[in-house]
Amino acid sequence: MTEPGTHEFTVESTRDIHIGRVVGMRVDEVRMPGGGTAKREIVEHLGAVAIVALDADGNVTLIHQYRHALGHRLWELPAGLIDKLGEDPVEAAKRELVEEVGLGAEKWETLVDVAASPGFTDEVVRVYLARELSEVDRDVLGDEEADLVVHKVSLAEAVRMALAGELVNGATVSGVLAAHTVISGYGQARPADAPWEDRPTRFASRGL
(Lines give C-alpha, C1' and ligand atoms only; values in the text may rest on other atoms or scores of the structure.)
Protein backbone atom coordinates (compact mmCIF):
# COMPACT_ATOMS: atom_id res chain seq x y z
CA MET A 1 0.00 0.00 0.00
CA THR A 2 1.45 3.36 -1.03
CA GLU A 3 1.22 6.53 1.03
CA PRO A 4 -2.08 8.39 0.53
CA GLY A 5 -1.86 10.78 -2.39
CA THR A 6 1.12 9.07 -4.08
CA HIS A 7 -0.44 6.14 -5.97
CA GLU A 8 -0.25 6.20 -9.77
CA PHE A 9 -3.61 5.15 -11.23
CA THR A 10 -2.26 3.40 -14.31
CA VAL A 11 -4.60 2.02 -16.97
CA GLU A 12 -4.14 -1.72 -17.44
CA SER A 13 -6.53 -2.01 -20.37
CA THR A 14 -9.21 0.00 -22.16
CA ARG A 15 -12.24 -0.89 -24.28
CA ASP A 16 -14.44 1.33 -26.44
CA ILE A 17 -18.18 0.97 -25.80
CA HIS A 18 -19.64 3.66 -28.05
CA ILE A 19 -18.15 6.23 -30.39
CA GLY A 20 -20.64 8.86 -31.50
CA ARG A 21 -20.56 12.24 -33.20
CA VAL A 22 -20.07 14.37 -30.08
CA VAL A 23 -19.03 11.92 -27.35
CA GLY A 24 -17.48 8.52 -26.94
CA MET A 25 -17.63 6.05 -24.07
CA ARG A 26 -14.88 3.69 -22.99
CA VAL A 27 -14.22 1.43 -20.01
CA ASP A 28 -10.76 1.59 -18.41
CA GLU A 29 -9.34 -1.07 -16.08
CA VAL A 30 -7.42 1.03 -13.54
CA ARG A 31 -4.81 -0.13 -11.03
CA MET A 32 -6.00 0.77 -7.52
CA PRO A 33 -3.94 1.55 -4.38
CA GLY A 34 -4.70 -1.81 -2.75
CA GLY A 35 -3.16 -3.73 -5.65
CA GLY A 36 -6.36 -4.70 -7.45
CA THR A 37 -8.07 -3.07 -10.39
CA ALA A 38 -11.41 -1.32 -10.88
CA LYS A 39 -13.45 -0.52 -13.97
CA ARG A 40 -14.03 3.17 -14.73
CA GLU A 41 -16.61 4.19 -17.34
CA ILE A 42 -15.44 7.38 -19.07
CA VAL A 43 -17.39 9.64 -21.43
CA GLU A 44 -15.01 11.41 -23.82
CA HIS A 45 -16.03 14.89 -24.95
CA LEU A 46 -14.84 17.43 -27.49
CA GLY A 47 -14.66 20.22 -24.90
CA ALA A 48 -16.68 23.40 -25.05
CA VAL A 49 -16.67 27.14 -24.52
CA ALA A 50 -19.21 29.47 -22.93
CA ILE A 51 -19.39 33.24 -22.95
CA VAL A 52 -20.45 35.87 -20.43
CA ALA A 53 -21.22 38.65 -22.91
CA LEU A 54 -21.36 41.79 -20.77
CA ASP A 55 -22.53 45.01 -22.39
CA ALA A 56 -21.74 48.59 -21.41
CA ASP A 57 -24.89 48.78 -19.27
CA GLY A 58 -23.89 45.75 -17.20
CA ASN A 59 -26.30 43.33 -18.86
CA VAL A 60 -25.56 39.67 -19.61
CA THR A 61 -27.04 37.81 -22.57
CA LEU A 62 -28.71 34.48 -21.72
CA ILE A 63 -30.39 31.95 -23.96
CA HIS A 64 -33.34 29.67 -23.20
CA GLN A 65 -32.52 26.31 -24.77
CA TYR A 66 -34.10 22.85 -24.72
CA ARG A 67 -31.90 20.22 -23.07
CA HIS A 68 -33.18 16.73 -23.77
CA ALA A 69 -31.28 15.04 -20.92
CA LEU A 70 -33.32 17.08 -18.42
CA GLY A 71 -36.43 17.24 -20.57
CA HIS A 72 -36.99 20.98 -20.48
CA ARG A 73 -35.48 24.35 -21.43
CA LEU A 74 -32.70 25.92 -19.37
CA TRP A 75 -31.40 29.47 -19.11
CA GLU A 76 -27.75 29.31 -20.12
CA LEU A 77 -24.85 31.35 -21.39
CA PRO A 78 -24.16 31.21 -25.13
CA ALA A 79 -21.94 28.17 -25.58
CA GLY A 80 -20.82 25.52 -28.00
CA LEU A 81 -18.44 22.69 -28.81
CA ILE A 82 -14.83 23.03 -29.87
CA ASP A 83 -15.33 21.30 -33.19
CA LYS A 84 -11.90 19.88 -33.93
CA LEU A 85 -8.52 19.10 -32.42
CA GLY A 86 -6.30 22.15 -32.26
CA GLU A 87 -9.08 24.71 -32.81
CA ASP A 88 -8.39 27.97 -31.01
CA PRO A 89 -10.99 28.07 -28.20
CA VAL A 90 -11.29 31.86 -28.44
CA GLU A 91 -12.19 31.53 -32.11
CA ALA A 92 -14.74 28.85 -31.19
CA ALA A 93 -16.23 31.23 -28.61
CA LYS A 94 -16.41 34.06 -31.13
CA ARG A 95 -18.20 31.75 -33.58
CA GLU A 96 -20.75 30.61 -31.01
CA LEU A 97 -21.45 34.17 -29.85
CA VAL A 98 -22.31 35.17 -33.40
CA GLU A 99 -24.33 32.06 -34.22
CA GLU A 100 -26.40 31.95 -31.05
CA VAL A 101 -27.02 35.60 -30.16
CA GLY A 102 -25.68 37.76 -33.02
CA LEU A 103 -22.94 39.50 -31.05
CA GLY A 104 -19.28 40.27 -31.64
CA ALA A 105 -16.82 41.36 -28.96
CA GLU A 106 -13.53 43.24 -29.03
CA LYS A 107 -12.27 42.32 -25.55
CA TRP A 108 -11.89 38.69 -24.41
CA GLU A 109 -10.68 37.30 -21.09
CA THR A 110 -10.74 33.87 -19.45
CA LEU A 111 -12.96 33.58 -16.39
CA VAL A 112 -13.02 29.91 -15.29
CA ASP A 113 -12.50 26.35 -16.50
CA VAL A 114 -15.29 24.02 -15.38
CA ALA A 115 -14.96 20.23 -15.24
CA ALA A 116 -18.54 19.16 -15.92
CA SER A 117 -18.51 15.93 -13.90
CA PRO A 118 -14.97 14.55 -13.54
CA GLY A 119 -16.17 11.33 -11.93
CA PHE A 120 -17.15 10.00 -15.36
CA THR A 121 -16.40 12.51 -18.14
CA ASP A 122 -13.37 14.46 -19.33
CA GLU A 123 -15.62 17.35 -20.47
CA VAL A 124 -14.21 20.72 -19.44
CA VAL A 125 -15.79 24.04 -20.43
CA ARG A 126 -13.78 27.24 -20.64
CA VAL A 127 -15.87 30.31 -19.81
CA TYR A 128 -14.88 33.67 -21.28
CA LEU A 129 -15.77 37.23 -20.38
CA ALA A 130 -16.54 39.15 -23.58
CA ARG A 131 -16.88 42.94 -23.55
CA GLU A 132 -17.03 45.88 -25.95
CA LEU A 133 -19.93 44.22 -27.75
CA SER A 134 -21.49 44.97 -31.12
CA GLU A 135 -24.44 43.49 -32.96
CA VAL A 136 -23.66 41.39 -36.03
CA ASP A 137 -25.72 39.29 -38.42
CA ARG A 138 -26.72 36.03 -36.76
CA ASP A 139 -26.40 32.96 -38.96
CA VAL A 140 -29.10 30.51 -37.83
CA LEU A 141 -27.76 27.09 -38.78
CA GLY A 142 -30.61 24.73 -37.88
CA ASP A 143 -33.79 24.00 -35.98
CA GLU A 144 -32.14 24.08 -32.57
CA GLU A 145 -30.66 27.56 -33.07
CA ALA A 146 -33.96 28.79 -34.50
CA ASP A 147 -35.75 27.76 -31.30
CA LEU A 148 -33.42 29.73 -28.98
CA VAL A 149 -34.90 32.58 -26.96
CA VAL A 150 -32.36 35.34 -26.35
CA HIS A 151 -32.77 37.60 -23.32
CA LYS A 152 -30.65 40.19 -21.52
CA VAL A 153 -30.58 40.53 -17.74
CA SER A 154 -28.41 42.57 -15.44
CA LEU A 155 -25.36 40.79 -14.04
CA ALA A 156 -26.87 41.21 -10.57
CA GLU A 157 -30.08 39.53 -11.74
CA ALA A 158 -28.08 36.68 -13.25
CA VAL A 159 -26.35 36.18 -9.89
CA ARG A 160 -29.75 36.14 -8.18
CA MET A 161 -30.98 33.55 -10.66
CA ALA A 162 -27.95 31.35 -9.98
CA LEU A 163 -28.38 31.51 -6.20
CA ALA A 164 -32.12 30.90 -6.53
CA GLY A 165 -31.61 27.73 -8.55
CA GLU A 166 -33.01 29.27 -11.72
CA LEU A 167 -29.66 28.72 -13.44
CA VAL A 168 -28.39 25.15 -13.10
CA ASN A 169 -25.98 24.68 -16.00
CA GLY A 170 -22.56 24.35 -14.35
CA ALA A 171 -20.63 26.58 -16.74
CA THR A 172 -23.39 29.21 -16.61
CA VAL A 173 -23.49 29.35 -12.81
CA SER A 174 -19.70 29.41 -12.55
CA GLY A 175 -19.34 32.00 -15.29
CA VAL A 176 -21.94 34.37 -13.88
CA LEU A 177 -20.47 34.23 -10.37
CA ALA A 178 -16.92 34.62 -11.69
CA ALA A 179 -17.91 37.60 -13.84
CA HIS A 180 -19.55 39.26 -10.85
CA THR A 181 -16.38 38.68 -8.82
CA VAL A 182 -14.21 40.26 -11.52
CA ILE A 183 -16.51 43.22 -12.16
CA SER A 184 -16.81 43.86 -8.41
CA GLY A 185 -13.04 44.04 -8.13
CA TYR A 186 -12.63 40.98 -5.90
CA GLY A 187 -10.84 38.90 -8.52
CA GLN A 188 -8.98 39.15 -11.79
CA ALA A 189 -9.67 37.42 -15.09
CA ARG A 190 -6.90 35.62 -16.94
CA PRO A 191 -5.78 36.42 -20.49
CA ALA A 192 -7.92 34.95 -23.25
CA ASP A 193 -5.06 32.66 -24.28
CA ALA A 194 -4.27 31.46 -20.74
CA PRO A 195 -2.97 27.86 -20.59
CA TRP A 196 -5.74 25.25 -20.50
CA GLU A 197 -4.17 22.20 -18.88
CA ASP A 198 -7.34 20.08 -18.71
CA ARG A 199 -8.69 20.80 -22.19
CA PRO A 200 -10.14 17.52 -23.55
CA THR A 201 -8.25 16.10 -26.52
CA ARG A 202 -8.78 12.33 -26.60
CA PHE A 203 -12.12 12.27 -28.44
CA ALA A 204 -11.05 14.88 -30.99
CA SER A 205 -7.79 13.01 -31.60
CA ARG A 206 -9.80 10.02 -32.85
CA GLY A 207 -10.28 12.05 -36.03
CA LEU A 208 -13.89 11.02 -36.61
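Not measured: the values here are computed from a predicted model.

Q: So what exactly am I meant to see when it comes to the pattern of salt bridges here?
A: Note on pairing: side chains with opposite charge can pair once their charged atoms come close. All chains considered together, the criterion is met by 19 salt bridges. Across the pair Arg95 and Asp83 runs a salt bridge whose closest N-O atoms are separated by 3.4 Å. Placement of the pair is Arg95 in helix α1 (residues 89-101) and Asp83 in the loop between β7 (79-81) and α1, with a sequence separation of 12 residues. Given the relative accessible area of 22%, Arg95 is considered partly exposed. Salt-bridge contacts for Arg160 lead to Glu166; the nearest nitrogen and oxygen are separated by 2.9 Å. We classify Arg160 as partly exposed; its relative accessible area is 37%. Assessed through its relative accessible area of 39%, Glu166 is described here as partly exposed. Among the charged side chains, a salt-bridge network with shared partners connects Asp16, Arg26, Asp28, Glu44, Arg202 and Arg206.

Q: I tried to follow the environment of Leu74 on my own but got confused; where do I start?
A: Counting through the fold element by element, Leu74 comes out in strand β6 (residues 72-76). For the pair Leu74 and Ile63, spaced 11 residues apart in sequence, the C-alpha to C-alpha distance is 7.9 Å. Not counting residues up to four positions away in its chain, the partners in contact with Leu74 are Ile63, His64, Gln65, Arg67 and Val168.

Cut-off values and rules
Residues numbered from 1 in each chain as written. Predicted model: local features only at pLDDT ≥ 70, side-chain atom pairs only at ≥ 80, totals over all residues. Heavy atoms only, no water. Salt bridge = Lys/Arg side-chain N within 4 Å of Asp/Glu carboxyl O. Helix = DSSP H or I, 4+ residues; strand = E, 2+ residues; numbered from the N terminus. Buried < 20%, exposed > 50% of the residue type's maximum accessible area, 1.4 Å probe, protein only. Contact = heavy atoms within 4.5 Å.

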